[in-house]
Amino acid sequence: MTINRRGALGAALATTLAASLPLSAIAQGGGGNWPSKPIRIIVPYPPGGSSDIIARSISQPLSEALGQSVIIDNKAGANGNLGADLLAKAPADGYTLMLCDLGALAISPSLYPKLPFDPSKDLRSVSMLAYSPHLLVVHPSVQANTLKELVELSKKSDFNFAVTASGSTAHLAGIELQRRVGAKWEYVPYKGGVQAVLDTVSGQTQVLMNGMLATYPHVQSGKLKLIAVSKSTRMPLIGNVPTIAEQGAPGYESGTWQGVVAARGVPDAVIARLNKELVRIIRTPDIRARLAGQGAEVVTMTVAEQDQFFAKERARWAQVIKEANVRLD
């Protein structure tokens, strides 16, 4: 990641200094006596998906670190936009946060013409936590073991591609892949990754792209067949599985980037404290090992780096949406 060295250094130094301050200093910096009551983390998707898994992994350690209860609140709807809108309209006091796929959040402004909030203006970065590549999987009955075979078979078969949500990162990743390799399938939208996975397991849909964290257990059990991984390089956990880039789409990469955001206006000192604690928690050996065993990598960023990541993802998917003429109301 290329960043402005002076700006990033200054932001990192400010974050480090603020994060090391006692609560009395945070109060002077605009955080009041934060935290003095329970903290709610909105997960804007149904239970069982990648964001939900990570949120529940960090909730107890974060509660212990802050001395307050941490409540996970699943607010699924509108491809995560329902939960994001709730956060944007919540008091900017640090007691309401959101953990979601930041890539999907970056997509929304280009995809929804009447979005009731602007992620760039109404939300602010807190901490990146993890990256999980997409797995391209099929129902075991599909007679294809490589991307090339899947593409050729799709031209002769009626394949339904399960979409975790219309306009999700996985949806657009599927569109980008389809355009790159010439595959043919129909998209079937769901309200979350869990049902999309289950319907592919049952054979109601034949093809799926979804975060590895929530999908790999079904590959391990033999209920789904793994065709490719969307990471730029092979995953150590499944090193024998070639990437999509290796199988005919050079440079292709996609996945879910799980991170935490807050409402615009939350004091810098509170953001710094949250960043410090979240980075420490997600890097602990037990959580890191647990996520790695399911196919997710711990990836942390400073607040400034997360802002730049969001801007880059917003530009990338805006281009895909424009070229594919994708539009949702």
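Our subject is the structure listed above.
An account of the accompanying structure is given in this report.

1. Details of the pattern of salt bridges
Argument step 1. Taken as a whole and judged by the stated rule, the model has 13 salt bridges.
Argument step 2. Put simply, E277 and R273 hold a salt bridge, and the shortest N to O gap is 3.2 Å. Here E277 and its partner R273 are both found in helix α11 (residues 268-282), 4 residues apart, which amounts to about one turn of the helix. When sorted by exposure, E277 lands in the same class as R273, which is buried.
Argument step 3. One network of salt bridges, in which partners are shared, links R273, E277 and R280.

2. Looking at the pairing of strand β7 (residues 207-211)
Argument step 1. Extensive coverage of β7 is indicated by the burial of 5 of its 5 residues.
Argument step 2. Taken together, the 5 bridges between strand β4 (residues 123-138) and β7 define a ladder with antiparallel strand orientation. Following the sheet pairing, H134 is matched in β7 by G211.
Argument step 3. Here 2 bridges tie strand β5 (residues 160-163) to β7, and the two strands are oriented parallel to one another. By the bridge assignment for β7, A162 is matched with L208.

3. Structural notes on the packing of helix α3 (residues 50-66) against α11
Argument step 1. At a minimum axis distance of 10 Å, the contact between α3 and α11 shows a crossing angle of 120°. Considered as vectors, α3 and α11 are oriented oblique to each other. In this structure, the crossing between α3 and α11 has a hand that is right-handed. Here I54, I58, P61, L62, A65 and L66 of α3 lie close against α11, whose contacting residues are R273, L274, E277, L278, R280, I281 and I282.

The rules behind the values
Residues numbered from 1 in each chain as written. Predicted model: local features only at pLDDT ≥ 70, side-chain atom pairs only at ≥ 80, totals over all residues. Heavy atoms only, no water. Salt bridge = Lys/Arg side-chain N within 4 Å of Asp/Glu carboxyl O. Helix = DSSP H or I, 4+ residues; strand = E, 2+ residues; numbered from the N terminus. Buried < 20%, exposed > 50% of the residue type's maximum accessible area, 1.4 Å probe, protein only. Pairing = 2+ DSSP bridges. Axes fitted to C-alpha atoms, helices over the stretch in contact; angles between N-to-C directions. Parallel < 35°, antiparallel > 145°, perpendicular 65-115°, else oblique. Left-handed = near helix turned anticlockwise from the far one by under 90°. Contact = heavy atoms within 4.5 Å.

All quantities given are derived from atomic positions and should not be read as evidence of function.
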